[in-house]
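Listed below are the residues making up each chain.
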Protein chains: 2
Amino acid sequence: MSVLVVGSVALDSVETPFGKADDVLGGSATFFSASASHLTKVNVVGVVGNDYPMDKLEPLKKRGVDFAGLEQADGPSFRWRGRYSHDLNSAETLETHLGVFSNFSAKIPEALRSSEYVFLGNIDPRLQLDVLTMMKKPKLVTCDTMNFWIQSRRPELIKLLEKVDIVTLNDGEARQLTEKSNLVQAAQWIMGLGPRHVIIKKGEHGAFLFTRDTIFFAPAFPLENVFDPTGAGDSFAGGFVGYIARTGDMSEANLRRAVVYGSVMGSFAVEKFSIERLMTVTKAEITQRMQDMRRLVTFEEELPA
Amino acid sequence: MSVLVVGSVALDSVETPFGKADDVLGGSATFFSASASHLTKVNVVGVVGNDYPMDKLEPLKKRGVDFAGLEQADGPSFRWRGRYSHDLNSAETLETHLGVFSNFSAKIPEALRSSEYVFLGNIDPRLQLDVLTMMKKPKLVTCDTMNFWIQSRRPELIKLLEKVDIVTLNDGEARQLTEKSNLVQAAQWIMGLGPRHVIIKKGEHGAFLFTRDTIFFAPAFPLENVFDPTGAGDSFAGGFVGYIARTGDMSEANLRRAVVYGSVMGSFAVEKFSIERLMTVTKAEITQRMQDMRRLVTFEEELPA
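The rules we used
- Residues numbered from 1 in each chain as written.
- Chains lettered and ligands numbered in written order.
- Predicted model: local features only at pLDDT ≥ 70, side-chain atom pairs only at ≥ 80, totals over all residues.
- Heavy atoms only, no water.
- Least-squares fit on C-alpha atoms with pLDDT ≥ 70 in both.
- Contact = heavy atoms within 4.5 Å.
- Buried area = accessible area lost by both parts, 1.4 Å probe.
- Salt bridge = Lys/Arg side-chain N within 4 Å of Asp/Glu carboxyl O.
- Polar contact = N/O pair within 3.5 Å; in protein donor to acceptor, adjacent residues only side chain to side chain.
- Helix = DSSP H or I, 4+ residues; strand = E, 2+ residues; numbered from the N terminus.
- Nonpolar A, V, L, I, M, F, W, Y, C, P; charged D, E, K, R; others polar.
- Pairing = 2+ DSSP bridges.
- Axes fitted to C-alpha atoms, helices over the stretch in contact; angles between N-to-C directions.
- Parallel < 35°, antiparallel > 145°, perpendicular 65-115°, else oblique.
- Left-handed = near helix turned anticlockwise from the far one by under 90°.
- Buried < 20%, exposed > 50% of the residue type's maximum accessible area, 1.4 Å probe, protein only.
- pLDDT = per-residue confidence, 0-100.

Trainee: So, the relation of the copies chain B and chain A: which residues are in play, and what are the values?
Mentor: For the match of chain B to chain A, the screw axis carries a shift of 0.0 Å, the RMSD comes to 0.0 Å, and the turn is 180 degrees. Taken together, the rotation and translation relating the two chain copies correspond to the operation of a two-fold axis. Minimal C-alpha separation from the rotation axis in chain B is found for His205(B), amounting to 3.0 Å. By residue overlap, the copies meet face to face through one surface: 100% of the interface positions of chain B are interface positions in chain A.

Trainee: Hey, could you go over the interface of chain B and chain A for me, with residue numbers and the actual values?
Mentor: Many analyses report the size of an interface as the accessible area lost when the parts associate. Facing the 45 residues of chain B at the interface are 45 residues of chain A. Note on chain B versus chain A: buried area summed over both sides is about 4000 Å², and carbon and sulfur give 53% of it. The salt bridge partner of Arg175(B) is Glu204(A), with a shortest N-O separation of 3.6 Å. The interface formed by chain B and chain A holds 20 residue pairs in polar contact (both at pLDDT 80 or more) in total. Ranked by residues supplied to the side of chain B that touches chain A, first place goes to helix 11 (residues 283–297) of chain B with eight residues. Along the lines of polarity and charge, the residues of the side of chain B that touches chain A split into 19 nonpolar, eleven polar and 15 charged.

Trainee: Just give me the short version of the sheet that holds strand 12 (residues 207–210) of chain A, but keep the residues and values in it.
Mentor: Residues and elements named next belong to chain A. Sheet architecture is open: nine strands sit in the order 5-4-1-8-9-10-11-12-13, paired in mixed fashion. Looking at strand neighbours, the two that pair on one side only are strand 5 (65–73) and strand 13 (215–218), the edges of this open sheet. Recorded for the sheet is a direction-independent mean angle of 15 degrees between the axes of neighbouring strands. As judged from the three bridges shared by strand 9 (residues 140–144) and strand 10 (residues 166–170), these two strands associate in the parallel manner. Opposite Asp-144, over in strand 10, you have Thr-168 as the bridge partner.

Trainee: I'd like a rundown of the packing of helix 8 (residues 232–247) of chain B against helix 9 (residues 252–269) of chain B, residues and numbers included.
Mentor: Angle between the axes and distance between the axes are the two parameters that describe a pair of packed helices. Residue and element names in this part refer to chain B. As a packed pair, helix 8 and helix 9 sit with axes 7 Å apart at the nearest point and diverge in direction by 140 degrees. One finds that helix 8 runs oblique with respect to helix 9. Between helix 8 and helix 9 the crossing geometry is right-handed. Side by side, helix 8 and helix 9 meet where Ala-232, Ser-235, Phe-236, Gly-239, Phe-240, Tyr-243, Ile-244 and Thr-247 of the first sit next to Asn-254, Leu-255, Arg-257, Ala-258, Val-259, Tyr-261, Gly-262, Ser-263, Met-265, Gly-266 and Ala-269 of the second. The class makeup of the residues in the contact of helix 8 with helix 9 is eleven nonpolar, seven polar and one charged.

Trainee: Hey, could you go over the pattern of salt bridges for me, with residue numbers and the actual values?
Mentor: Under the definition given, this model contains 39 salt bridges over all chains. A salt bridge links Glu92(A) to Arg83(A); its shortest N-O distance comes to 3.2 Å. Of the residues examined, Glu92(A) reaches a relative accessible area of 43% and is grouped as partly exposed. We classify Arg83(A) as partly exposed; its relative accessible area is 34%. A salt bridge links Arg277(B) to Glu285(B); its shortest N-O distance comes to 3.2 Å. In this structure Glu285(B) comes out as partly exposed when scored by relative accessible area, which is 31%. Taken together, the salt bridges that share partners define one network made up of Glu271(A), Arg277(A), Glu285(A) and Arg289(A).

Trainee: How would you explain the pairing of strand 2 (residues 10–16) of chain A if you had to name every residue and give the values?
Mentor: All names here are of chain A. Across the seven residues of strand 2, six count as buried, placing the element largely inside the fold. Bridge count for strand 2 against strand 3 (residues 19–26) is six bridges, and the pairing is antiparallel. Looking across to strand 3, one finds that Glu-15 is bridged to Lys-20. Where strand 2 folds back on strand 3, the antiparallel hairpin that results is connected by two residues. Across five bridges, the pairing between strand 2 and strand 6 (residues 79–84) is parallel. If you follow Val-14 over to strand 6, its bridge partner there is Gly-82.

Trainee: I'd like to hear about the sheet that holds strand 11 (residues 197–201) of chain B, residue by residue, with values.
Mentor: All names here are of chain B. Spatially, the nine strands line up as an open sheet ordered 5-4-1-8-9-10-11-12-13, and their pairing is mixed. One side of each edge strand has no neighbouring strand; the edge strands of this open sheet are strand 5 (65–73) and strand 13 (215–218). On average, each strand axis in the sheet is inclined to that of its neighbour by 15 degrees, with strand direction left out of account. Pairing of strand 10 (residues 166–170) with strand 11, which is carried by five bridges, proceeds in the parallel orientation. Bridge assignment links Ile-166 to a residue of strand 11, and that residue is His-197. Taken strand by strand, helix 6 (residues 171–178) contacts strand 10 and strand 11, and its axis lies near 110 degrees from that of strand 10.

Trainee: Help me get a handle on the pairing of strand 7 (residues 91–97) of chain A, residues and values and all.
Mentor: Residue and element names in this part refer to chain A. Where strand 6 meets strand 7, six bridges bridge the pair, whose relative direction is antiparallel. By the bridge assignment for strand 7, Arg-81 is matched with Glu-95. Linkage of strand 6 to strand 7, two consecutive antiparallel strands, is achieved through a turn of six residues, within which Leu-88 is found at a positive phi near 60 degrees.

Trainee: Could you give an account of the confidence of the model for chain A, with specific residues and numbers?
Mentor: For residues with low pLDDT, the predicted coordinates do not support detailed interpretation. Confidence along chain A averages 95 in pLDDT terms, with 98% of residues attaining 70 or more. For this predicted complex, the interface confidence score (ipTM) comes to 0.91, while the overall pTM stands at 0.94.

Trainee: Describe in detail the environment of Phe216(B), supporting the description with residues and values.
Mentor: Relative to the elements of secondary structure, Phe216(B) occurs in strand 13. Once the C-alpha coordinates of Phe216(B) and Val141(B) are considered, the two residues, 75 residues apart in sequence, prove to be 20 Å apart.

Trainee: Could you give an account of the packing of helix 1 (residues 28–36) of chain B against helix 8 of chain B, naming the residues involved and the relevant values?
Mentor: All names here are of chain B. Orientation of helix 1 relative to helix 8, taken along the N-to-C sense of each, is 45 degrees, at an axis distance of 7 Å. Considered as vectors, helix 1 and helix 8 are oriented oblique to each other. Read as a crossing pair, helix 1 and helix 8 show a hand that is right-handed. For the pair helix 1 and helix 8, the contacting residues are Ser-28, Phe-31, Phe-32, Ser-35 and Ala-36 in the first and Asp-234, Ser-235, Ala-237, Gly-238, Gly-239, Val-241 and Gly-242 in the second.

Trainee: Lay out the side chain of Ser77(A) in plain terms, naming residues and giving numbers.
Mentor: Residues and elements named next belong to chain A. Note that Ser-77 resides in the loop between strand 5 and strand 6. We classify Ser-77 as buried; its relative accessible area is 1%. Of note is the side chain of Ser-77, whose polar atom sits 3.0 Å from the backbone nitrogen of Gly-49. Ser-77 has contacts with Leu-11, Val-48, Gly-49, Asp-51, Tyr-52, His-97, Leu-98, Gly-99 and Val-100, leaving out every residue within four places of it along the chain.

Below, the structure written as structure tokens:
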């Protein structure tokens, strides 16, 4: 099984209280791929400029990420520069240069149009809709979005949500989209539009998976040292969609495991800059952290006799 | 088994987006008792003014809460007035009148000095220390505190922490006390002072139980309607300490269950004003929510064959 991801492939410059990194690999498709590559094959569709250091994508290719759908266009690559203060909770965006990404129109290569698992990274909902019209009959479409699109492309975003199976967004975005402060109500409102499931990500506070009748919660893994939160959400999505693609199982039990894989992959992503940690983490470390996640939440509710 | 709680017995006036309540039962000892009374007997030590509506305590007495240690002094009762805005995340304090509480010196009746389970509610650390000197040999002392004391009574608070078994505080307070933004590091710092366990409460984002070697996390139960968050933390403490007192078991497995009881009792507390919901909740409802809490976090980490 493989996953098709459509999203940004960018260059990030990040400052945290622990150091800084310039022009390192970033973008939603990059983090997603690095994460999902531990679970499944990945095909990336996106665009970079002619200044992009293509050789830096080699380690991802070696991990089974296919960049045949990554167009290289004339002009500068998408660049983001951001800074995290002491508590690492939210990034302050210092600069965003869309570069060639501002004219991006997703062309899905013929061979990828029959992809069964699709992740629509956080891009203009009009592009996300375009991608869907090109796809044949995907088994599972998951999309992400952000505050900017909720504000500026609300009608298109609503139309998109009517066509996807699962949406991931953070708590602030869920409240903004639904105008409901209560997350249970917000999730129900979103499922009312069409998605079978909603994942509300709360950063360091974990993530909810809502189905029509049930709620599952996975905490963020409590790390003693968080280094750089950039890409945690996309790494979460990579673990989540990657695990579903690997198993081909959309039962609730499996979706729950997929959420925990998402949380685990997100927790590795934040241990170093860019995708560094995702490139070195081993199968054994992932398995260990899955076990640690279970220990973190396990209790028996019965009163002792 | 019974629990001794020393704390405030107050009158609260609260405004939320859903309504307002005036001069209703409030205070740390009140919420703690209402919650713990579902699990164990409770003895309250505190002070109220001669204006306190003592008859309103009758329902608590009927539930096994003993107010023999509640002094009634000349003067007005402790009153708090607060308001929650749309997101219910934090209270804006509009007025605080300490009244007779400003001259409170805890006198522990002789019969209560041999109490085995003690909860020191959020009061001046000098008073919390005074209480401890009066106690014989408690099995388990748990204390709570707040930002005000961390700032104004830091040396006394540190001295107190050297003498307690478990401390509960919220994430902001843990960061303020330890000057560490990372909660794992903050908890280790606090345990370095003496407490065997630290509980860091994150409100709607759940609670961590830290032991020397392990971390347990219990989410807040995701409610569709949160009515009034006042007293959630003390209700949590009541469920936690109450369950330990009921079982007399301080194994880690039992402490984990106790944290979940805390989370469950806190989730009931916020469903209505004051202690209203805690007065009507049934054993069956508590048991049901314990089961719901387990379903909320349960997953199997194994890859399918």
